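Here is what each chain is made of, one letter per residue.
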Amino acid sequence: MKTVLATRYVEIPDGVEVEVKARKVKVTGKLGTLERDFKHIMMECRLATKEEGGDEEADIPPVEKRVVQVDLWFATRKQLACVRTVCSHIENMIVGVQQGFCYKMRFVYSHFPINVSISGNTVEIRNFLGERRVRKVDLLPGVKYTRSDDTKDQIELTGIDIAAVSLTAAKIQQSTNVRHKDLRKFLDGIYVSEKGACPEE
């Protein structure tokens, strides 16, 4: 069965500018600009205003809010899921240009201390399980690497694009996968310990 019309709204907060043109969404905030193309999904995406609140009896006028409206006509069950997905992507872009995203990663080792350093735009991992091979992971554009001052054996990846930050964290974690050993015993690696939007200062 097809749903005639599915609509979702994404609220645009103050201090954020959103442009929508031919399913290309551009979000600008205090930390920078993010662009994303949703042309692979057959849907309508446009800027609109939505009235919220208000009380006629108490003579309180409704408040107009700027929103991004996502419409999908005659959608099947699987196509309906795309509406929420697109809205989540736009919400992540808005949070990114306002606060940014931070992924914290901890080093886990039982005997051989993992040595992590940065060389230019490349993260270098040495002495993993005592191996001499140097593992190298390139930072994606817009991702910053910092070593935590307050916590031992912890690094922080920050950026405004959640996709770039999380993909860099995943590449670092997967570069330290243990192979040809019992994974219940050899738990060494670099794992994401905390993730989310950067705390506002």
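This one's a predicted model, so the numbers in the text were calculated from it and none came from an experiment.

Asker: Sorry if this is basic, but what is going on with the overall build of the protein chain here?
Answerer: Summing up its helical and strand segments, the protein chain has 2 helices and 13 strands in all. With respect to the principal axes defined by its C-alpha atoms, the protein chain has extents near 70 × 45 × 30 Å. The burial tally for the protein chain puts 34% of its 201 residues in the buried class. The long-range share in the protein chain, meaning contacts at least 24 apart out of those at least 6 apart in sequence, stands at 59%. Summing over all exposed atoms, the protein chain offers an accessible surface of approximately 13100 Å²; the carbon and sulfur share of this is 49%. Each charge sign in the protein chain was given a centre, from 32 positive and 29 negative side chains, and these centres are 13 Å apart.

Asker: For this particular structure, what's the right way to read the side chain of Gln69?
Answerer: Position of Gln69 among the secondary structure elements: in strand 6 (residues 63-75). By relative accessible area, which is 10% here, Gln69 ends up buried. Within the structure, the side chain of Gln69 is placed 3.0 Å from the side chain of Asp71, a separation counted as a polar contact. For Gln69, the residues in contact, after removing those within four places along its chain, are Thr7, Arg8, Tyr9, Glu44, Cys45, Arg46 and Ala48.

Asker: When you look at the environment of Ile90 in this model, what are you seeing that I'm missing?
Answerer: Inspection of the secondary structure puts Ile90 in helix 1 (residues 77-98). Judged by relative accessible area, Ile90 falls into the buried class, the value being 0%. As a C-alpha pair, Ile90 and Leu34 span 56 residues in sequence and 9.7 Å in three-dimensional space. Not counting chain neighbours up to four residues away, the residues in contact with Ile90 comprise Val10, Val25, Phe38, Cys45 and Val68.

Asker: Would you mind showing me how to read the state of the cysteines here?
Answerer: Simply put, disulfide is the name for a covalent bond between the sulfur atoms of two cysteines. Within this structure, the stated rule accounts for 0 disulfides. Distance from the sulfur of Cys82, which forms no disulfide, to the nearest cysteine sulfur (Cys87) is 11 Å. Free of any disulfide, Cys102 has its nearest neighbouring cysteine sulfur in Cys198, separated by 4.8 Å.

Asker: Sorry, what's going on with the sheet that holds strand 9 (residues 122-126) here?
Answerer: Backbone-to-backbone hydrogen bonds pair the strands of a sheet. The strands run either parallel or antiparallel. The sheet built from 3 strands is open, its strands ordered 8-9-10 with antiparallel pairing. At either end of the open sheet lies a strand with only one pairing partner, and these are strand 8 (115-119) and strand 10 (135-138). Pairwise comparison of adjacent strand axes, ignoring direction, gives a mean angle of 25° for this sheet. Where strand 8 lies against strand 9, 5 bridges are found, and the strand directions are antiparallel. Along strand 9, the bridge assignment pairs Asn115 with Arg126. Along the sheet face, helix 2 (residues 162-175) touches strand 9 and strand 10 and points at about 170° away from the line of strand 10.

Asker: Explain helix 1 here, please?
Answerer: Given 3.6 residues to a turn, an α-helix orients residues that are three or four positions apart in the same direction. Here helix 1 spans 33 Å end to end across 22 residues, near enough to the 32 Å set by a 1.5 Å rise per residue. Elements in contact with the buried residues of helix 1: strand 1 (3-11), strand 3 (24-29), strand 4 (32-37), strand 5 (44-52), strand 6 and strand 7 (101-108).

Asker: How should the sheet that holds strand 5 be read in this particular structure?
Answerer: Pairing within the open sheet is antiparallel, and its 3 strands lie in the order 1-6-5. A strand with exactly one partner marks an edge of an open sheet, and here the two such strands are strand 1 and strand 5. Along the sheet, successive strands turn relative to each other by an average axial angle of 35°, direction set aside. Relative to strand 6, strand 1 runs antiparallel, the two being bridged by 8 bridges. Paired with Val10 across the bridge in strand 6 is Val68.

So, how was this worked out
Residues numbered from 1 in each chain as written. Predicted model: local features only at pLDDT ≥ 70, side-chain atom pairs only at ≥ 80, totals over all residues. Heavy atoms only, no water. Helix = DSSP H or I, 4+ residues; strand = E, 2+ residues; numbered from the N terminus. Buried < 20%, exposed > 50% of the residue type's maximum accessible area, 1.4 Å probe, protein only. Contact = heavy atoms within 4.5 Å. Areas by Shrake-Rupley, 256 points an atom, 1.4 Å probe, with all protein chains shown as cover. Lys, Arg positive; Asp, Glu negative; His and termini not counted. Charge placed at Lys NZ, Arg CZ, Asp CG, Glu CD. Polar contact = N/O pair within 3.5 Å; in protein donor to acceptor, adjacent residues only side chain to side chain. Disulfide = S-S within 2.5 Å. Pairing = 2+ DSSP bridges. Axes fitted to C-alpha atoms, helices over the stretch in contact; angles between N-to-C directions. Expected span 1.5 Å × (residues − 1).

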